[in-house]
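Close look at the chain arrangement
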Amino acid sequence: MSTDNKTPPLAIQRQPPKSLVAGGLYACEVLHVAFRLFFFFFLGIQPFTTRWPTVRRDIPDRWKKYQTSLCAFICSPLTRHQRTRRQKGTNFCCRMLSFRMELPCLCLLLLSCLQSLSANHDFYTSIGQMTDLLYTEKDLVTSLKDYIRVEENKLERVKRWADKLDLLSAAAIQDPEGYLGHPVNAFKLMKRLNTEWGELESLVLSDTTEGFISNLTIQRQHFPTDEDQTGAAKALLRLQDTYRLDTNTISTGDLPGVKHKIQMTVEDCYELGKIAYSDVDYYHTELWMAQALKQLDRGEESTIDKVTLLDYLSYSIYQQGEIERALDYTKQLLALDPEHQRAKGNLKYFEFQLEKLKKAEEDPTQKEKERAKRETTEKKEKKEKPKKKFLTPQVPERKKYEMLCRGEGIRMTPRRQSRLFCRYYDNNRNPMYVLAPVKQEDEWDRPYIVRFIDIISDQEMERVKQLAKPRLRRATISNPITGVLETAPYRISKSAWLTGYEDPMIDTINQRIEDLTGLEMDTAEELQVANYGVGGQYEPHFDFGRKDEPDAFKELGTGNRIATWLFYMSDVAAGGATVFPDVGAAVYPQKGSAVFWYNLFPSGEGDYSTRHAACPVLVGNKWVSNKWIHERGQEWRRPCALNETE
């Protein structure tokens with residue numbers, strides 16, 4: 001060993017073998033390249049730059065301080081000095097130590113970014129998050145107009161498209177939530193971004209310029225999917241059924257409380273009918289194909305022809321058992337297109353089926369058999385019927401739910417109504433409310449539901465929305481068999497959970513709930529914020545765990561859900577009520593108010609009359625937040641009763 005080397009012998013002894021140095025550096029460089037490729041392909045970050053993509057607007061603020069330094073660490077090549085030291089094998093430990101120090105931050109950042117990427121699924125389940133799509137579309141229109149200025153003579157067709165979208169976007173940006181509160185606007189937004197922009201991309205690719213196409217291609221990675229478009233379409237069909245709306249009312253946009261009235265085109269009606277057809281829903285297929293045909297007959301221009309509409313109409317009507325009407329539409333189709341092969345085959349088949357039915361009706365033997373069959377069935381039904389008279393017919397829960405959503409079937413008699421009061425409330429002279437009691441009113445008597453008026457300020461509501469919006473995820477339900485959280489078609493919303501550690505205002509809200517209810521909040525669940533989507537709803541459910549679900553909240557270790565507190569953080573122009581089908585109660589959203597009820601009797605038994613649902617939002621944007629309060633900690637605040645229903 002040379003004595004000229006100034007490095008202490010101990011340091012030399014600690015150096016790893018050359019093979020380990022080479023292998024370690026190689027592994028480090030592989031990780032280096034892998035992370036660079038990840039950021040380039042999945043997050044849109046160009047290599048050897050510190051620019052972060054503008055399309056990822058929902059990266060949390062707490063990570064922004066890491067962005068420049070971390071990008072420089074991942075993306076920049078080693079300096080010449082570092083390369084020289086690496087060749088000598090003396091920088092291995094420093095290099096690995098630096099990488100190990102940065103790795104935790106890097107992993108956390110990657111997890112956060114991946115979480116942000118996943119947040120963009122299911123756009124149609126949250127109106128609040130859909131507003132970003134309007135700005136995205138506005139950016140695309142701007143980019144498109146720049147492209148048109150370059151090749152205006154060649155792309156006159158593209159220019160007309162851009163002008164139409166420019167006007168539409170300009171109006172929508174003025175009031176994004178109000179605009180998307182109209183379900184037709186929301187559906188058309190899904191349809192435009194999922195279908196029509198893709199067709200436009202194919203058009204301009206024939207003679208492209210790099211700017212517009214690259215922008216559109218990048219943005220399309222974050223566009224709604226087929227699932228979003230289908231979800232928005234099914235939401236319109238759900239609203240149609242729940243609120244008993246005819247197709248013309250929806251097509252003309254003539255809905256109650258709308259600010260931005262818009263009409264559906266023949267293509268829009270056809271798309272709705274086609275989605276219903278794909279779902280084997282021939283009833284709605286007929287309704288919307290007939291509406292499209294009606295608008296076409298009025299002279300509306302469309303790329304959809306009558307032959308296509310009549311083809312769908314005849315088949316959907318046949319599937320509903322109306323052969324004569326199906327035959328009539330098939331004849332109309334053949335009058336327009338005599339060479340239509342499927343229609344020719346259907347014509348012969350429908351005529352054969354009608355002839356068969358007529359012969360069966362004329363055959364006396366067949367008539368006798370049918371009459372004997374009817375008599376036998378009637379005798380069986382009479383034997384099976386109980387002898388009790390004056391039984392109240394049982395209305396299916398689904399029907400009761402929809403009736404309450406329409407404002408029908410509310411079972412509040414004048415006598416019971418006279419026992420409901422409003423008052424100034426201080427919860428037994430709570431020090432916080434002795435001088436400034438809150439306004440409280442009775443909403444229902446059994447179960448007892450109260451509403452607190454002006455209980456949360458506009459500033460607090462906006463702050464809660466601001467905190468929740470980047471974290472909104474598709475709301476889930478617990479599978480009663482497996483216990484796994486999963487999405488469900490009967491819960492159309494997105495939700496986020498907020499803790500008191502994140503903002504002092506959340507602590508203030510939690511304390512307010514405790515002061516007004518007198519219940520312990522330390523064992524309650526975190527504040528859940530929910531934003532409903534297009535036709536957003538939550539069908540009838542219980543908040544508490546039933547006897548057949550003994551492990552419903554076992555992992556929390558705080559017992560069952562004793563009570564529910566629900567804030568309404570927005571007004572809803574139409575729909576969106578909270579209804580209780582078993583008792584015929586309906587509670588309507590009122591911005592700044594909150595409703596409260598107990599899910600359990602003092603004995604700890606569940607109150608099954610609290611089964612409730614959130615009606616579909618017809619027009620508007622519904623924001624709510626709720627606090628589920630649990631049993632543990634309430635032993636001295638709400639003592640148990642001896643009677644099961646007390």
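For the structure, check the block above.
All values derive from a computational prediction rather than experimental measurement.

Calculation rules
- Every residue gets a number counted from 1 within its own chain, in the order that chain's sequence is written.
- It should be noted that, the model being predicted, local features are given only for residues of pLDDT at least 70 and side-chain atom pairs only at 80 or more, the latter also being counted only at that level, while totals for whole chains, interfaces and linings use all residues.
- As a convention, hydrogens and water are excluded, and side-chain values are obtained from all of the structure's heavy atoms.
- A run of DSSP states H or I qualifies as a helix once it reaches four residues; a run of E qualifies as a strand once it reaches two. Both are numbered from the N-terminal end.
- Burial here depends on accessible area, computed with a 1.4 Å probe over protein chains only, as a share of the maximum for the residue type. Under 20% is buried, over 50% is exposed, and the range in between is partly exposed.
- Contacts were defined at the residue level, with two residues in contact if any of their heavy atoms lie within 4.5 Å.
- A pairing counts as a salt bridge when a side-chain nitrogen of Lys or Arg comes within 4 Å of a carboxyl oxygen of Asp or Glu.
- DSSP-based pairing: two strands are paired if at least 2 bridges between them are found.
- Between rings of Phe, Tyr and Trp, where Trp is taken as its six-membered ring, a pair exists when centres lie within 6.5 Å; planes separated by under 30 degrees are stacked, by over 60 edge-to-face, and by other angles tilted.

Regarding the overall build of the protein
A count of helices and strands for the protein gives 22 helices and 17 strands. The buried share of the protein, taken over its 646 residues, is 47%. Restricting the contact set of the protein to residue pairs at least 6 apart, pairs at least 24 apart contribute 74%.

Focus on the pattern of salt bridges
One pass over the full model with this rule turns up 34 salt bridges. For Lys188, the salt bridge goes to Asp268, with nearest N and O atoms at 2.6 Å. Here Asp268 lies in helix α13 (residues 266-278) and Lys188 lies in helix α9 (residues 183-204), a separation of 80 residues in the sequence. Like Lys188, the residue Asp268 is buried in the burial classification. Through salt bridges with shared partners, a single ionic network connects Lys138, Lys145, Asp163 and Asp166.

Description of the pairing of strand β17 (residues 623-630)
Across the 8 residues that make up β17, a large majority, 8, are buried. The alternating pattern of β17 places Trp623, Ser625, Lys627 and Ile629 on one face and Val624, Asn626, Trp628 and His630 on the opposite face, and all of these are buried. Bridge analysis of strand β8 (residues 527-532) against β17 gives 4 bridges, and the strand direction is antiparallel. Within β17, the residue paired with Val529 across the bridge is Ser625. In this structure, strand β10 (residues 561-568) lies alongside β17, joined through 7 bridges in antiparallel fashion.

Concerning the pairing of strand β7 (residues 493-498)
Put simply, side chains in a regular strand alternate between the two faces of the sheet. Where burial is concerned, most of β7 is hidden: 5 out of the 6 residues are buried. For strand β4 (residues 473-474) and β7, the ladder comprises 2 bridges, and the chain directions are antiparallel. When the sheet's bridge partners are listed, Arg474 is paired in β7 with Lys494. Pairing of β7 with β8 involves 6 bridges; the strand directions are antiparallel. If you follow Leu498 over to β8, its bridge partner there is Leu527.

Some thoughts on the packing of aromatic side chains
Evaluation of the coordinates by the stated rule reveals 19 aromatic pairs. Taking 6.1 Å as the distance between ring centres and 50° as the angle between the ring planes, the aromatic pair formed by Trp565 and Phe596 counts as tilted. With a gap of 31 residues between them, Trp565 in strand β10 and Phe596 in strand β14 (residues 594-598) connect regions that are remote in the sequence. One exposure class covers both Trp565 and Phe596, and it is buried. In this structure an aromatic cluster arises from ring pairing among Tyr270, Tyr277, Tyr282, Tyr312, Tyr315, Tyr318, Tyr349 and Phe350.

Without other data, these values stay purely geometric and don't point to any function.
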